[in-house]
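Structural features, examined
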Amino acid sequence: MIRKNIDQLFKIFPDSAVRVGDRWKISSQEKGGVNFRISHSFILKSISDGEANVESRGEIVSDTAETELMGYNVTTDLKGEQSSDYDIDIKSGMMLNGKINTDIDGTIQSMGKNIPLKISIAIKITGKKL
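Residues numbered from 1 in each chain as written. Predicted model: local features only at pLDDT ≥ 70, side-chain atom pairs only at ≥ 80, totals over all residues. Heavy atoms only, no water.

**Remarks on the overall build of the protein**
A tally of regular secondary structure across the protein gives 1 helix and 7 strands. Going from N to C terminus, the protein has its helices and strands arranged as α-β-β-β-β-β-β-β. The principal-axis extents of the C-alpha atoms in the protein amount to approximately 55 × 30 × 20 Å. Burial status across the protein gives 34% buried among its 130 residues. Here the analysis covers contacts within the protein between residues at least 6 apart in sequence; of these, 49% occur between residues at least 24 apart. Accessible surface, the protein as shown: approximately 8,500 Å² in total, 51% of it carbon and sulfur. For the protein, the centre of its 18 positive side-chain charges and the centre of its 18 negative side-chain charges are spaced 2 Å apart. (Helix = DSSP H or I, 4+ residues; strand = E, 2+ residues; numbered from the N terminus. Buried < 20%, exposed > 50% of the residue type's maximum accessible area, 1.4 Å probe, protein only. Contact = heavy atoms within 4.5 Å. Areas by Shrake-Rupley, 256 points an atom, 1.4 Å probe, with all protein chains shown as cover. Lys, Arg positive; Asp, Glu negative; His and termini not counted. Charge placed at Lys NZ, Arg CZ, Asp CG, Glu CD.)

This is the structure:
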């Protein structure tokens, strides 16, 4: 799940040009041990000194279909939110800085028992121009 979360960092721009204040949405389906649907809303907050600042808010919902997790058949009921802030070099498209915070709460049902689950992920990316 963490690897997929990092892969998502590079899928933040729409196919068309954007200006300061523009908003766009991107939805994705993450498949893995637990399948999630993620709906992101992005806004280009500013452009300064050749860097763009993009903020994002996302809603995360697990797929309720039965899946196999660590050798057990489970059903998930997980919901969460993700907030992100990215600084991107305009010329190269390279991410210079990124902060992503994800919080997911809910339950996993296995062998007739509901198991409470809370996931918190904090990712900080720091890059530099050469």
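**What to know about the pattern of salt bridges**
This model, assessed by the stated rule, comprises 1 salt bridge. We note a salt bridge from Lys79 to Asp77, for which the minimum N-O separation is 3.2 Å. (Salt bridge = Lys/Arg side-chain N within 4 Å of Asp/Glu carboxyl O.)

**With respect to the layout of surface pockets**
Volume-wise, the second largest pocket comes out at about 180 Å³. In terms of lining, the second largest pocket is formed by Phe13, Pro14, Ser16, Ala17, Val18, Leu44, Ile47, Ala52, Ile88, Asp89, Ile90 and Gly93. If you list the elements that add at least two residues to the lining of the second largest pocket, you get β2 (36-48) and β5 (72-89). (1 Å grid on protein atoms, 1.4 Å probe; cavity = no way out; pocket = protein on both sides within 12 Å on 5 of 7 lines; lining within 4 Å. Points joined across faces, edges and corners; volume = space filled by probe spheres on them.)

**Brief notes about unusual backbone geometry**
Although it is not a glycine, Asp49 sits at a positive phi angle of roughly 50°. With respect to the element layout, Asp49 can be found in the loop between β2 and β3 (51-62). Its relative accessible area of 72% is what places Asp49 among the exposed residues. Of note, the phi angle at Met111 is positive, near 50°, even though the residue is not glycine. Here Met111 lies in the loop between β6 (95-110) and β7 (113-126).

**What about a negative patch on the surface?**
On the surface, a cluster of negative charge is contributed by Glu59, Glu81, Asp103 and Asp105. Here Glu81 shows up in strand β5. Classification of Glu81 by relative accessible area gives exposed; the value is 61%. (Patch = residues over 30% accessible without salt bridge, like charges linked within 9 Å, V, L, I, M, F, W, Y side chains within 5 Å.)

**A few points about the nonpolar core**
Counting residues in each nonpolar core, the largest one holds 19 residues, and the members touching the most others are Phe36, Phe42, Val54, Tyr86 and Ile104. Looking at this core element by element, the count peaks at 4 residues for β2. (Core = buried A, V, L, I, M, F, W, Y, C linked by side-chain atoms within 4.5 Å.)

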